[in-house]
Amino acid sequence: MFKNLINGEWLDGHGVSRNINPSDTRDLIGEYAQADAAQAELAITAATAAFPAWSLSTPQQRFDILDAVGTEILARRAELGDLLAREEGKTLPEAIGEVVRAGNIFKFFAGEALRPGGESLPSVRPGVGVEVTREAIGVVGLITPWNFPIAIPAWKIAPALAWGNCVVFKPADLVPGSAWALAEILSRSGLPAGVFNLVMGRGSVVGEKLLNDPRVAAISFTGSVGTGQKVAAACVARMAKFQLEMGGKNPMVVLDDADLGVAVGAAVNSGFFSTGQRCTASSRLIVTEGIHDRFIAAVVEKMKALKIDDARKAGTDIGPVVDASQLSQDQAYIGIAQSEGGRLLQGGEHLEHNVDGQPGFYLTPALITDTTAEMRINREEVFGPVVSVIRARDYEHALALSNDTPFGLSAGIATTSLKHATHFKRHSQAGMVMVNLPTAGVDYHVPFGGRKGSSYGPREQGRHAAEFYTTVKTAYTQA
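Source: prediction; values computed, not measured.

1. Some thoughts on the pattern of salt bridges
Two side chains with opposite charge may pair up if their charged atoms get near one another. Counting across every chain of the model gives 26 salt bridges. A salt bridge links E467 to R134; its shortest N-O distance comes to 2.7 Å. Of this pair, E467 sits in helix α14 (residues 466-469) while R134 sits in strand β6 (residues 128-136); the two residues are 333 residues apart in sequence, bridging distant segments of the chain. Overall, E467 belongs to the partly exposed group, its relative accessible area being 42%. The shortest N-O distance in the salt bridge between K209 and D213 comes to 3.7 Å. Through salt bridges with shared partners, one network takes in E72, R76, E79, E184 and R188.

Structure (structure tokens):
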């Protein structure tokens, strides 16, 4: 039994969540405690009590703790990566890469603790000085998704602690193992009791308590659009600060002048790696007429060579879908696309077992052609290895199609034209734009976030994270 961490103590829950390996559903990773509302309140109380002292802790203390956490994560990358691949289903190299990213995030924000910044300005009035500084905002509730079970918690927890906030962390029910491992490292880092609390449990129980408790000053949420809207409504009602990272329906534009190998590599990586379970995945390929047929043929050939197998097995390109519910959703959207006139050109087959006979949630990556912009497959996020193709007349038509979406997280273009690349970077209605690169895969030291229905509030990661995790104070002094 893996317990919750509240006020420095490991506590039993009031229920149990079973963590199952999607590559082999016979494999039970562990049983994880489920908190009730009373335990969530206990965690909020502990964080509230710890905040005054922690918010006034020295930058050196915060640096030492966060740097030590990052060092341990990096040292244990193989072990933690294996756990991540086992519980979430992304391949072992991808999982280890995510763990490394988490370690680097903690080290980056350790440095930020020493660089809080600020301004000293002269007033317009004689003899008056002005100081502009940033301070911690208080208790922060962090709600994270299942698709990046250590990196996303890291990029929320690390800045929150770096700037002197206290944390109540609710990870996704589906993948508690990586979150618990991170919490265990934090529990030995030297943090005072109550500064960091892990409360595993249902969103309808723990999440609701975080949303509605007036002592929680801010909520950072990554997840579905529908849940994000509920978070926003609850926070607005009590004037709490909130930050939302939600869905994406990201386009990859391929122009006639693109390098075919570069375009195919970027499209297959963006659409299918990590089993397509990335909010930055390219789920819409918008291809101009001159290269369309050659590009699609090359993508299909590359897809045929992909190995779908146990996420931890050497040579696996695509692991399983995370669970039965997500598999069902992926299959449903493939059927919807076909019913609306799309052509399932490649993949989309449910494999009940891998080559070794392990029962799992395996789905061969699906490519759906002959689609149009108004089809549901091009309007709604699938969140799986399912990619649709739209034919475009020219660059202007492709740009218009790429922006014709309620989302705006990431967008890509494959082209050798500096003119079109420059124009696309400026006119794409997305928070992140990639040229001749996959739309999925971003650095940890620069801002992450989107526009329209994808994101709300200040950016995550990099120095821009201070906009959410701190509040600005302006102080005047008469000499």
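2. Some details on the sheet that holds strand β12 (residues 250-254)
The sheet built from 7 strands is open, its strands ordered β14-β17-β18-β13-β12-β20-β21 with mixed pairing. Either end of the sheet is taken by a strand with one partner, and the two such strands are β14 (343-346) and β21 (432-435). Taking each pair of neighbouring strands and ignoring which way they run, the sheet shows an average axis angle of 25 degrees. The pairing of β12 with strand β20 (residues 410-414) spans 3 bridges and is classified as parallel. By the bridge assignment for β20, V254 is matched with A414. Lying on the sheet, helix α12 (residues 395-403) is in contact with β12, β13 (282-288), β18 (386-392) and β20; it crosses β13 at an angle near 160 degrees.

3. Quick look at the side chain of S388
Summarising the element assignment, S388 is placed in strand β18. Judged by relative accessible area, S388 falls into the buried class, the value being 0%.

4. Remarks on the nonpolar core
Within the largest apolar cluster, 93 residues are counted, with the highest numbers of intra-cluster contacts made by I73, F106, I157, L161, L186, F196 and I219. In contact with F196, other than residues within four places in its own chain, are L5, I157, V167, F169, A183, L186 and L191. Membership of the second largest hydrophobic core comes to 25 residues, among which are M252, A258, F295 and M303.

5. Structural notes on the packing of helix α4 (residues 92-113) against helix α5 (residues 151-162)
The relative placement of two packed helices comes down to the angle between their axes together with the axis-to-axis distance. Between α4 and α5, whose axes approach to 9 Å, the crossing angle comes to 10 degrees. In terms of their interaxial angle, α4 and α5 are classed as roughly parallel. The residues of α5 that touch α4, namely those facing E98, R101, A102, I105, F106, F109 and A113, are A151, A154, W155, I157, A158, P159 and A162.

6. Topic: empty space enclosed by the protein
The tally for this structure, following the rule as stated, stands at 2 cavities of 30 Å³ or more. Space inside the largest cavity adds up to approximately 80 Å³. Lining the largest cavity we find 15 residues, and of these G276, A281, S283, F383 and G384 sit closest to its centre. Looking at the lining of the largest cavity, the elements that each hand over two or more residues are β13 and β18. A breakdown of the residues in the lining of the largest cavity according to their chemical character gives 5 nonpolar, 7 polar and 3 charged. Approximately 50 Å³ is the volume attributed to the second largest cavity. In terms of lining residues, the second largest cavity is bounded by 15 residues, among which P251, S402, F407, G408 and S410 are the most central. Going through the elements one at a time, β12, α12, β19 (407-408) and β20 are the ones with two or more residues in the lining of the second largest cavity. Among the residues forming the lining of the second largest cavity, the class breakdown is 5 nonpolar, 8 polar and 2 charged.

7. Points about the pairing of β6
The pairing of strand β5 (residues 119-122) with β6 spans 4 bridges and is antiparallel. From the neighbouring strand, L121 faces β6, where its bridge partner is V130. As consecutive antiparallel partners, β5 and β6 are separated by 5 residues, and within that stretch G127 has a phi angle of approximately 75 degrees, a positive value. Examined bridge by bridge, β6 and strand β24 (residues 470-478) share 9 bridges and lie antiparallel to one another. Across the sheet, V132 pairs through a bridge with T474, a residue of β24.

8. Regarding unusual backbone geometry
Phi at K452 takes a positive value of approximately 55 degrees, unusual for a residue other than glycine. Structurally, K452 can be placed in strand β22 (residues 451-452). A positive phi is found at Q461, a non-glycine position, where the angle reads about 70 degrees.

9. Structural notes on helix α2 (residues 59-75)
Compared with the 24 Å implied by 1.5 Å per residue over 17 residues, the 24 Å span of α2 between its first and last C-alpha is a close match. Every buried residue of α2 is listed here: R62, I65, L66, V69, G70, I73 and L74. Buried residues of α2 fall within an arc of 165 degrees about the axis and therefore sit on the same side. Looking at the buried side of α2, the elements it contacts are α1 (37-55), α3 (77-88), α4, α5 and α6 (176-187).

10. Observations regarding the packing of aromatic side chains
Considering all chains together, one arrives at 11 aromatic pairs under this definition. Measuring from ring centre to ring centre gives 5.4 Å for W146 and F383, while their planes differ by 85 degrees; the resulting arrangement is edge-to-face. Taken together, the residues W146 in the loop between β7 (139-143) and α5 and F383 in the loop between β17 (366-371) and β18 connect sequence positions 237 residues apart. Look at W146 and you get buried, because its relative accessible area is 16%. Here the aromatic rings of F468 and Y469 are separated by 4.9 Å at their centres, their planes lie at 85 degrees, and the arrangement is edge-to-face. The exposure class of F468 is buried, given its relative accessible area of 0%. The buried category is assigned to Y469, whose relative accessible area is 1%. Put simply, the rings of F2, W10, Y32 and W180 touch in pairs and so form one group of aromatic residues.

11. What about the layout of surface pockets?
Estimates place the volume of the largest pocket at around 980 Å³. Together, 36 residues line the largest pocket, and W146, F221, G223, S224 and T227 are the ones closest to its centre. Of all the elements in the fold, those that place two or more residues in the lining of the largest pocket are α7 (203-212), β10 (216-222), α8 (225-238) and α11 (324-339). Per-class residue counts for the lining of the largest pocket are 15 nonpolar, 13 polar and 8 charged. By volume, the second largest pocket is sized at about 440 Å³. Forming the walls of the second largest pocket are 22 residues, and the residues nearest its centre are R101, F148, A440, G441 and V442.

Reading the values: the criteria
Residues numbered from 1 in each chain as written. Predicted model: local features only at pLDDT ≥ 70, side-chain atom pairs only at ≥ 80, totals over all residues. Heavy atoms only, no water. Salt bridge = Lys/Arg side-chain N within 4 Å of Asp/Glu carboxyl O. Helix = DSSP H or I, 4+ residues; strand = E, 2+ residues; numbered from the N terminus. Buried < 20%, exposed > 50% of the residue type's maximum accessible area, 1.4 Å probe, protein only. Pairing = 2+ DSSP bridges. Axes fitted to C-alpha atoms, helices over the stretch in contact; angles between N-to-C directions. Contact = heavy atoms within 4.5 Å. Core = buried A, V, L, I, M, F, W, Y, C linked by side-chain atoms within 4.5 Å. Parallel < 35°, antiparallel > 145°, perpendicular 65-115°, else oblique. 1 Å grid on protein atoms, 1.4 Å probe; cavity = no way out; pocket = protein on both sides within 12 Å on 5 of 7 lines; lining within 4 Å. Points joined across faces, edges and corners; volume = space filled by probe spheres on them. Nonpolar A, V, L, I, M, F, W, Y, C, P; charged D, E, K, R; others polar. Expected span 1.5 Å × (residues − 1). Arc of directions from axis to C-beta. Phe/Tyr/Trp six-rings, centres within 6.5 Å; stacked < 30°, edge-to-face > 60°.

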